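# Commentary on secondary and tertiary structure
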Amino acid sequence: MKRLGLRLFVVALCSSWASVSWAGLGDTLPRGTFLLDSSYIFAHTNKQFDRNGKSVPLLAPVERYEAGAGLQGVIRANPSVDQKIVALQLLYGITDDLTLAIGGPLSLSTEIETNLSWQPGDYQASLGRPYSETDFWQWAASMGQPKPAQRGVSNVNTWGDLVVAFRLRLPRSQWMKDHHVNLALTLQGALPTGREKDPEELIEIGMTAWWLHNYGDLELHLAADWRPIWSGDVARLTLSAEIYYAYLRPRTYDTPRGTKHPLLLTFAPYVGQTFEIDGGDWQVARMQVEWAPFIGPTLGTWMTRGSVEAANAFPPMLSLMLQYTYVNLLPSIWKSNYPIWSIEQGEFWGAGFKHIFAAQATLSLLRVGAPLMFYVRGRALDIIPGRNMRPANAITVGVRLLAKFW
Amino acid sequence: MNCHMQMRLWCLALCCVVVSACVDEPVAVYREVVHLKGAPYERGLDHGKRLRPRIRAFYTQLLDTALLPNLNREQPAIAGFLKRYAGPSYADGQFSYRVLLEMAQSVETQLPDRYIDEMRGIADGSGLTYEQVLILNTFPDTVLAVRSVAATLRLSRGPRIKSWQLLGWLNDQGAQRPAQTYSPSFTALAAEVPTDVRIRLVLTDPEGISADTVRLQLDTRVFPPGDPAVTTKALPNADGNMTDMEVILTPPEPMPAATVLSLIVQSADTTIADDPLPAHPRFGREETLTLSTLGYGLSAEEVANVGVDDGRTRPPPVAFALKGSATKDGAPLLAQHFALLDAGAAHEATTVFIHHPTPGEDTRKHAYVSWAGLTWGFSGMNTSGLAWACNFSDTLDTAILKDLIPQLSKLDEAQLTATGWPIGLAMREVSRSAKGAQQGVEILPNMQHVNGWNCLLADADGQLRLAEIDADAEAFPNPLSQGVTVVQWQGSAVASAASDTEDDLRAAVHYVSNTQDVDSALPILAESLLAPTGAIVRVDVQREVSTYFFKSLLAFHKLGKVLAQGRGSWDVAMAQQVLGRPAFVDPSDSMNAVVMEPSKGLLHNAMGKVPATDASWQTVDINAEAP
């Protein structure tokens, strides 16, 4: 049976767990300030864009032939992947210009529906009919290969790779101060805490940065914010831009030996006991517009020790954000003892790109004395087709809690 | 430093400036040319080391995850007769591996040390065990031979056509012609038939025929079970048991005049086979019967049983050899499109091996078109100008059944062995030593062969030979050593497209000369095997039992037509183009295509894709020095 299985094996999922971020793309926290950001993310994908930018199912149809008997039929799988994640981030302002962040995704579950279907093939003289789907899987079972499950649930309460980041706001010239321009560098790295998938399982994915394919193992960002319009101490409009490079380290994986799916996942004898994926890095450019349509009432509260003036510097009560991100994907390279297998695995992981659109609304209660911010965010990767990527659209609802101890 | 790394560093240096000009995406290479030198073990070792991952992939994908599990499905049928195979050592999925190994070891006893040493070298170089390499190098012959037995056992339990009759077809005296005993035929059963006849068949099966499974097809028109044009009636046999069924097809419209028509018949008995699953009725072989209608003008013997080209039939391997008046420049050509089993694997292992003799070695430099890990191929040539290509040819006259005969007295302990030569190694022997086609075919009868094969040989001097091989070396037909040019069967030229020249030969997967392939010992064997069960096994000649027979006829006659149309124009390009025509391409199991010019030492090959002719053609000059 042709290598049906591993195609599912490499269905990496892009969750919407964002890299460590907070208000503006180049903002830092005030010294001594903690920010706890907790969000629930629901991400869904059921397609991929191939090398020509065409939307195709996550698994290509597999034509099954029987020697001398023609086409048995066509196995079609249209997998649908739903991922539920809680993203936790804790940020701390070491100085006004340097912020430390640590965070990571906690998967509640990953649910994969295989949506297998069957297109009958040629009339089989030995059966007196074309193979039905039942016939085919009975035939496969007689050779030791069970039918893959219709639905698989994995990654229940499972951590992904944790991320540690530093953001440094660069010294500002007088011109930058006069024109409300900030520049910041962010360096972030992922810790290898995420769970890997069981290599013998078909309907499963892992929880590392590679599988989530949403943040790199090491990232270097340069961001700029420009706030040209103000109402008092509140910027009504923030224009941001960012470029960054994400490095994905090579990873070594155990090769499936076919202990559970002997006809689909027996690769170790020729691929080797392990294989390596040198994940393609990303070159990313991002633009963001944030508008504050409603600043809201401002109260002197316990947070500002009664000072209305101090509370005026808090974020507006409602802000709306639109963001566009272009990700240039360098090719991911599979390395094993068998180059043909490696190339086949990388078929949908060549050079490509993503167009990511996001929108967010944030409700901040800081101005009225509650150190809370609520937000809802949507992200779409298939408004403009990408290439060699799997678009995982996501919706996020989150809350931020701020605290300062001094 | 590769492009990937360069880009990574460049981007880091420029802090994320987007650069996308240089992307190195690897390209898979599926076809290799490998030159081998030295002593046999050294050649094998070099072969094994250089192609190590391909050999391991080929073995795993083709055998471990495709062929061996599939062959395990035959265990119930075989263990039903040979009790040894119901034993514990063949349980837990070990049946197919054990059987193939035991047969491979019996093949091994026939082989000279040079091939055994070469296989040991491949094993040491690739990391496979010697047993695995031995199986890899013997499985096509042994599996095909086992398949013939298993298919015969299976089909023997299904219905067959007992007789046929054309109702309304009168003899010269105006009386209805009587029913005729049915036998599969190379030619039409009847000629100059009125267009309004009804076709009456009597089918038979010890378990009775299921009317719900009777399916007829007259040319492209299908009459499924229950079609009002078909009536069925159960009939008693001579013993009074209701084992027979009369089937009458009344074509809804008169058949066209002056036309050749084929009827395809299929039916099952009243039992259900459910081990292994999927459960299905026990079907007999699809039979093709041909007739011509009034005005066609030829006798039945002059009308070939071509069958129906309805797109449902996958062509078997075909090969043809041309020379003289057939080719544009008179030079000989030998071409083949080979198909058997790709399993998503074989095309990744395609290799041309060129063996260079060591100084003083009594061997000709020779090449063959093959796969990683194999010591032979199904086509090849040597530097003396001999080219050859072999197609399998289903037969029950195999080494397996020959080896079973002495074990008849202890059937419970009987073991499947295959004492003989695999065709690939037999042809390597020919390549090593033969100067020409005639010498080549004279070597083959001195060997016992594991399975049936049709081999075409052509040499630089323009000799064309066809060897129709079965396990009986002595059973080769006389024309073999004289050069088959035109083979007659019941008065019809069936072996050559050119009945008036000796300049072309062709072969599919049926015998056209060796039509009495099964010798008299085999039916005795069958009776002994089945006496305890009371069943009847049709151990018979190829045309009676082979599931490839009718599809082979179809491809064979299509090829003959093409060869005749192109007579005098044939060259390499034309041969390559024809091999890629859908009529000769099995879309899923095509394995390689070759066109050889023996007078120039050029071996043109297309492989590495499925079908093979989707790949570009590559030329190997076997006279060239090794790089």
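Since this is a predicted model, take the numbers as computed values, not measurements. (Residues numbered from 1 in each chain as written. Chains lettered and ligands numbered in written order. Predicted model: local features only at pLDDT ≥ 70, side-chain atom pairs only at ≥ 80, totals over all residues. Heavy atoms only, no water.)

### A short note on the overall build of chain B
Along its length, chain B carries 15 helices and 26 strands. Taking all contacts inside chain B whose residues are at least 6 apart in sequence as the whole, residues at least 24 apart take part in 69%. Of the accessible surface of chain B, which amounts to about 22500 Å², a share of 50% is contributed by carbon and sulfur atoms. (Helix = DSSP H or I, 4+ residues; strand = E, 2+ residues; numbered from the N terminus. Contact = heavy atoms within 4.5 Å. Areas by Shrake-Rupley, 256 points an atom, 1.4 Å probe, with all protein chains shown as cover.)

### Things to note about the packing of helix α3 (residues 52-72) of chain B against helix α7 (residues 130-156) of chain B
Residue and element names in this part refer to chain B. Close contact between α3 and α7 brings their axes to 11 Å; oriented N to C, the two are set at 35°. The crossing of α3 and α7 is left-handed. Contact residues: α3 offers Ile55, Phe58, Tyr59, Leu62, Leu63, Leu67 and Leu71, while α7 offers Gln132, Ile135, Leu136, Phe139, Val143 and Val146. Taken together, the residues of the contact of α3 with α7 sort by class into 12 nonpolar, 1 polar and no charged. (Axes fitted to C-alpha atoms, helices over the stretch in contact; angles between N-to-C directions. Left-handed = near helix turned anticlockwise from the far one by under 90°. Nonpolar A, V, L, I, M, F, W, Y, C, P; charged D, E, K, R; others polar.)

### Some details on the environment of Gln83(A)
Residues and elements named next belong to chain A. The topology assignment puts Gln83 in strand β6 (residues 80-95). Overall, Gln83 belongs to the buried group, its relative accessible area being 0%. Sequence separation between Gln83 and Ser109 is 26 residues; the distance between their C-alpha atoms is 6.0 Å. Looking at Gln83, its side chain comes within polar contact range of the side chain of Thr110, at 2.9 Å. (Buried < 20%, exposed > 50% of the residue type's maximum accessible area, 1.4 Å probe, protein only. Polar contact = N/O pair within 3.5 Å; in protein donor to acceptor, adjacent residues only side chain to side chain.)

### Considering the packing of helix α5 (residues 95-108) of chain B against α7(B)
Residues and elements named next belong to chain B. Where α5 meets α7, the closest approach of the two axes is 8 Å, and the angle between their N-to-C directions is 95°. Relative to α7, the element α5 lies roughly perpendicular. Of α7, the residues touching α5 (which contributes Tyr97, Leu100, Leu101, Met103, Ala104, Gln105, Val107 and Glu108) are Tyr130, Glu131, Gln132, Leu134, Ile135, Thr138, Phe139, Thr142, Val143 and Val146. By residue class, the composition of the contact of α5 with α7 is 12 nonpolar, 4 polar and 2 charged. (Parallel < 35°, antiparallel > 145°, perpendicular 65-115°, else oblique.)

### Observations regarding α3(B)
Of all the bends in α3(B), the largest measures some 35° and sits at Leu63(B). For α3(B), the tally of buried residues reaches 18 of 21 residues, placing the bulk of the element in the interior. (Bend = angle between axes of the 7 residues up to and from the residue.)

### Topic: the state of the cysteines
Residue and element names in this part refer to chain B. Under the defined criterion, the tally for this structure stands at 1 disulfide over all chains. Shown here is the disulfide that connects Cys390 with Cys455, its sulfur atoms set 2.1 Å apart. Between Cys390 and Cys455, the S-S dihedral sits near 110°, and the bridge is therefore right-handed. Linking Cys390 in strand β18 (residues 386-392) with Cys455 in strand β19 (residues 453-459), this pair joins segments that are 65 residues apart in sequence. (Disulfide = S-S within 2.5 Å.)

### Here's the deal with the sheet that holds strand β8 (residues 116-120) of chain A
All names here are of chain A. Strands sit in the order β4-β5-β8 across an open sheet of 3 strands; the sheet is antiparallel. Among the strands making up the open sheet, the edge pair consists of β4 (62-66) and β8. In this sheet, adjacent strand axes meet at a mean angle of 25° when their direction is disregarded. As judged from the 5 bridges shared by strand β5 (residues 70-77) and β8, these two strands associate in the antiparallel manner. Its bridge partner being in β8, Ile75 is matched across the sheet by Trp118. Packed on one face of the sheet, helix α2 (residues 133-141) meets β4, β5 and β8 and runs near 105° to β8. (Pairing = 2+ DSSP bridges.)

### Quick look at the sheet that holds strand β1 (residues 31-36) of chain B
All names here are of chain B. Spatial ordering of the open sheet is given by β1-β15-β16-β17-β18-β19-β20, a layout of 7 strands whose pairing is mixed. In the strand order of this sheet, the two ends are held by β1 and β20 (464-469), each with one partner. Strand-to-strand, the axes of this sheet are offset by a mean angle of 20°, without reference to chain direction. The pairing of β18 with β19 spans 7 bridges and is classified as antiparallel. Note that in β19 the partner of Leu386 across the bridge is Asp459.

### Regarding the confidence of the model for chain B
All names here are of chain B. Of all residues in chain B, 88% have pLDDT values of 70 or greater, and the mean over the chain is 88. Here residues 1-22 is a poorly scored stretch, pLDDT under 50, and it has 40 contacts once near neighbours within four places are set aside; other chains count. Low pLDDT (under 50) marks residues 477-500, which in the prediction has 67 contacts with non-local residues, meaning those over four places away or in another chain. (pLDDT = per-residue confidence, 0-100.)

### Remarks on the pairing of strand β23 (residues 504-507) of chain B
Residues and elements named next belong to chain B. Burial along β23 is two-sided: the face carrying Asp504 and Arg506 and the face carrying Leu505 and Ala507 are both buried. When strand β13 (residues 318-322) meets β23, the two strands line up antiparallel, connected through 4 bridges. Bridging across to β23, Phe320 finds its partner in Arg506.

### Overview of the pattern of salt bridges
Residues and elements named next belong to chain B. What the rule picks out here adds up to 37 salt bridges over all chains. A salt bridge links Glu361 to Arg43; the shortest N-O distance between them is 3.0 Å. Taken together, the residues span a long stretch of sequence, with Glu361 in the loop between β15 (350-355) and β16 (366-371) and Arg43 in helix α2 (residues 40-50) at a distance of 318 residues. Given the relative accessible area of 27%, Glu361 is considered partly exposed. (Salt bridge = Lys/Arg side-chain N within 4 Å of Asp/Glu carboxyl O.)

### A word on unusual backbone geometry
Here Asp275(B) and Pro276(B) are connected by a cis peptide whose omega angle stands at 5°. Position of Pro276(B) relative to the elements: it lies in the loop between β10 (260-273) and β11 (280-283). Of note, the bond from Leu277(B) into Pro278(B) is cis; its omega dihedral lies within 30 degrees of zero at 5°. Position of Pro278(B) among the secondary structure elements: in the loop between β10 and β11. Of note in the backbone geometry, Asn157(A) takes a positive phi value of approximately 50° without being a glycine. Owing to a relative accessible area of 55%, Asn157(A) belongs among the exposed residues under this scheme. Notably, Asn388(A) is not glycine yet its phi reads approximately 50°, a positive angle.

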